[in-house]
Amino acid sequence: MWCVLVVSVIEQLAQVHNSTVQASMERLCSYLPEKLFLKTTCYLVIDKFGSDIIKLLSADMNADVVCHTLEFCKQNTGQPLCHLYPLPKETWKFTLEKARRIVKKSPILRYSRSGSDICSLPILAKICQKIKSAIEQSVPFKDVDSDKYSVFPTLRGYHWRGRDCNDSDESVYPGRRPDNWDVHQDSNCNGIWGIDPKDGIPYEKKFCEGSQPRGIILLGDSAGAHFHISPEWITASQMSLNSFINLPTALTDELDWPQLSGVTGFLDSTVGIEEKSIYLRLWKRNHCNHRDYQNISRNGASSRNLKKFIESLSRNKMLDYPAIVIYAMIGNDVCNGKSDPVPAMTTPEKLYSNVMQTLKHLNSHLPDGSHVILYGLPDGTFLWDNLHNRYHPLGQLNKDVTYAHLYSFLNCLQVSPCHGWMSSNKTLRTLTSERAEQLSNTLKKIAASEKFTNFDLFYMDFAFHEIIQEWQKRGGQPWQLIEPVDGFHPNEVALLLFADRFWEKVQLQWPQILGKENPFNPKIKQVFGDQGGH
């Protein structure tokens, strides 16, 4: 898959700049940053495979043919042929034999392609190992005092949870109740500490006592983590030196952008809408909530595998403030890439058991007075309905790849994030939505009937149609709410509109979840400015 993507970009760069394939490969490498050895790796790959890519593209072979010839893509016996672009006019077998003859004399096919995983390159093995370990445990890679908070942004650092303000003291971290009203140091990293010289009262006591501070915690999947592949990375006509500046950050955040997500985002939106994340609204409501956010989300997460990383959630029943926990496993209990996705979907019975296990874990860790909101699953049929006949970023230049082509390619490779919804098979799409609805009803029942000592429990529908209506009111189109490269995830606009709907509904139905507005907010700003930023 990655081979087809890269070869497509090389081919299109040559077309856009009317240059040779050699020049377009060099152009692509020149755009990449030095960080994480991205530029070096690019030149190594060109050195190894460039001459063959040039020969094949010069013979009018497309990216599918190039990648099969170089054996990055394989068609296993009895398996269908996976291709992104329309098949060549001559038979596939004939085209492939012709392509192999072109590169037959090449020395490169002596190399084994079994290690086509980028991490098998010696130069990247070490950094890959570090990244894998941080991902598996979902805790910060750089965390000197092991309190699960970090002063480093990526590798599960403060892009994912509030920034630590003392990484050599495990009793100092965001979200804790202040130690001795933070007379001597800021023990909860909200930027409020010390004593007012006018009256000798600690600022934390004066400004925060009785204001009911609370944190926000998301238990989510790739949608909650805000999975995003920038269209600029694969669109030859838009590519420039600036296109890849944020690629190293994205890679060390697992291609997720939690710092811009709808629940825990703390940076200004990059999409120019006014809506803010739930965390920023909680901070605006009470500045004592500063930095108290945790995005415990993972690509591929579901009710089934949450138990593997829920331990990374940081909350101490006795020492910390209550939290609002949003449980939003919105896709992977019905989504998978298998050729027959239905048997692998979670059943309502299994979901009930998984979610009860999660809630029991939360009850033993959350301080009394917390709140848990279970989010339902969406009806994902809108993906096919709104995207299938539109051109994918890779297909815009030559009008040759639609989302229907992309979905079919991913399903064939069995790497689709959601075969059930990203499919031309209407029966399958309907079945997937029916199961999603059954699972939502199970969550609704749990919220209505189960009671816990340390938190109250609520249910909220994942009402994507409301977001679409709101966006259309503003003159937008439904397809503009989906990530353009993967054609699956809600994008930043959609996530912020969800945050807006969430806030409205909670304010209307369960205002106690949000706590009250802190009358001392202007004073906090006056004395502590931006409270140390994020």
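Looking up the chain in an unreviewed UniProt entry gives the name Acyloxyacyl hydrolase, with the organism given as Macaca fascicularis. Under the Subunit (unreviewed entry) heading, UniProt states for the chain: "Heterodimer of the large and small subunits; disulfide-linked." UniProt, in its Catalytic activity (unreviewed entry) section for the chain, records the words "a 3-(acyloxy)acyl derivative of bacterial toxin + H2O = a 3-hydroxyacyl derivative of bacterial toxin + a fatty acid + H(+)".

Glancing now at the state of the cysteines. Inspection of every chain in the model, using the stated rule, returns six disulfides. Note that C208 is cross-linked by a disulfide to C288, the S-S spacing being 2.1 Å. Disulfide C208 to C288: torsion about the S-S bond roughly -90 degrees, handedness left-handed. Pair noted here: C208 is in helix α7 (residues 203–208) and C288 is in the loop between α10 (278–285) and β2 (293–297), with a separation of 80 residues, a long-range link. Sulfur of C73: no disulfide; nearest cysteine sulfur belongs to C67 and is 4.6 Å away. Judged by relative accessible area, which is 11%, C73 ranks as buried.

Among the five residues of β2, five are classified as buried, and the element is accordingly described as predominantly covered. In β2, alternate side chains face the same way, and those of Y293, N295 and S297 on one face and Q294 and I296 on the other are all buried. In terms of strand pairing, strand β1 (residues 215–220) meets β2 through five bridges, oriented parallel. Paired with G220 across the bridge in β2 is S297.

Bringing the pairing of strand β3 (residues 323–328) into the picture now. Burial of β3 is extensive: six of the six residues sit out of reach of the surface. Because side chains alternate across β3, one face comprises the buried residues A323, V325 and Y327, and the other comprises I324, I326 and A328, equally buried. When β3 meets strand β4 (residues 370–375), the two strands line up parallel, connected through four bridges. Within β4, the position partnered with I326 by the bridge is I373. Handedness of the β-α-β unit built from β3, helix α11 (residues 348–365) and β4 comes out right-handed.

Our focus in this paragraph is the sheet that holds β4. Ordered by their spatial adjacency, five strands build an open sheet running β2-β1-β3-β4-β5, and the pairing between neighbours is parallel. A single partner strand is all that each edge strand has here, and the edge strands are β2 and β5 (455–460). Sheet twist, expressed as the average angle between the axes of neighbouring strands with direction ignored, equals 15 degrees. In the sheet, β1 pairs with β3 via six bridges, with the strands oriented parallel. For L219, the partnering residue across the bridge sits in β3 and is Y327. Those strands touched by α10 are β1, β2 and β3, and its axis lies near 170 degrees from that of β1. Contacts from helix α14 (residues 426–449) reach β3, β4 and β5 within the one sheet, and its direction differs from that of β5 by about 150 degrees.

Among the structural elements, T381 can be located in helix α12 (residues 381–387). Exposure remark for T381: the relative accessible area of 17% places this residue in the buried category. At 2.8 Å, the side chain of T381 forms a polar contact with the side chain of D379. Ignoring sequence-local partners within four residues, the contact set of T381 consists of W421, R429 and S433.

The next thing to look at is the packing of aromatic side chains. For the structure on display, the rule yields 17 aromatic pairs. A ring pair is formed by F207 and F520, whose centres lie 5.7 Å apart and whose planes are at 40 degrees; its orientation type is tilted. Of the two residues, F207 is situated in helix α7 and F520 in the loop between α16 (492–509) and α17 (521–528); the sequence distance between them amounts to 313 residues. Look at Y403 and Y407: their rings are 6.3 Å apart centre to centre, the planes differ by 55 degrees, and that puts the pair in the tilted class. With a gap of four residues between them, Y403 and Y407 both fall in helix α13 (residues 403–413), about one helical turn apart. Both residues of the pair, Y403 and Y407, belong to the buried class. These aromatic residues form a ring-pair network of at least three members: Y375, F382, F462, F464, F498 and F502.

Next up on the list: the domain arrangement of the chain. Much of the literature gives interface size as the accessible area that the parts lose upon coming together. Looking at the assigned domains, one finds that the chain contains domain 1 (1–104) and domain 2 (215–524). Centre-to-centre separation of domain 1 and domain 2, based on C-alpha positions: 34 Å. Contacts between the two partners involve 26 residues from domain 1 and, on the opposite side, 25 residues from domain 2. Taking both partners together, domain 1 and domain 2 bury about 2300 Å²; carbon and sulfur atoms supply 78% of that area. The three residues of domain 1 that bury the most area against domain 2 are Q12, Y31 and L84, which together make up 28% of that side's buried surface. At the boundary of domain 1 with domain 2, the tally comes to two residue pairs in polar contact (both at pLDDT 80 or more). If you list the elements that add at least two residues to the side of domain 1 that touches domain 2, you get α1 (2–16) and α2 (21–31). In terms of residues, the side of domain 1 that touches domain 2 owes the most to one element, α1, which gives eight residues. Taken together, the residues of the side of domain 1 that touches domain 2 break down into 18 nonpolar, six polar and two charged.

What counts and how
Residues numbered from 1 in each chain as written. Predicted model: local features only at pLDDT ≥ 70, side-chain atom pairs only at ≥ 80, totals over all residues. Heavy atoms only, no water. UniProt positions renumbered as here; feature names shortened; annotations may be inferred. Disulfide = S-S within 2.5 Å. Helix = DSSP H or I, 4+ residues; strand = E, 2+ residues; numbered from the N terminus. Buried < 20%, exposed > 50% of the residue type's maximum accessible area, 1.4 Å probe, protein only. Pairing = 2+ DSSP bridges. Right-handed = clockwise from strand over helix to strand, strands pointing away. Axes fitted to C-alpha atoms, helices over the stretch in contact; angles between N-to-C directions. Contact = heavy atoms within 4.5 Å. Polar contact = N/O pair within 3.5 Å; in protein donor to acceptor, adjacent residues only side chain to side chain. Phe/Tyr/Trp six-rings, centres within 6.5 Å; stacked < 30°, edge-to-face > 60°. Domains from an automatic or database assignment. Buried area = accessible area lost by both parts, 1.4 Å probe. Nonpolar A, V, L, I, M, F, W, Y, C, P; charged D, E, K, R; others polar.

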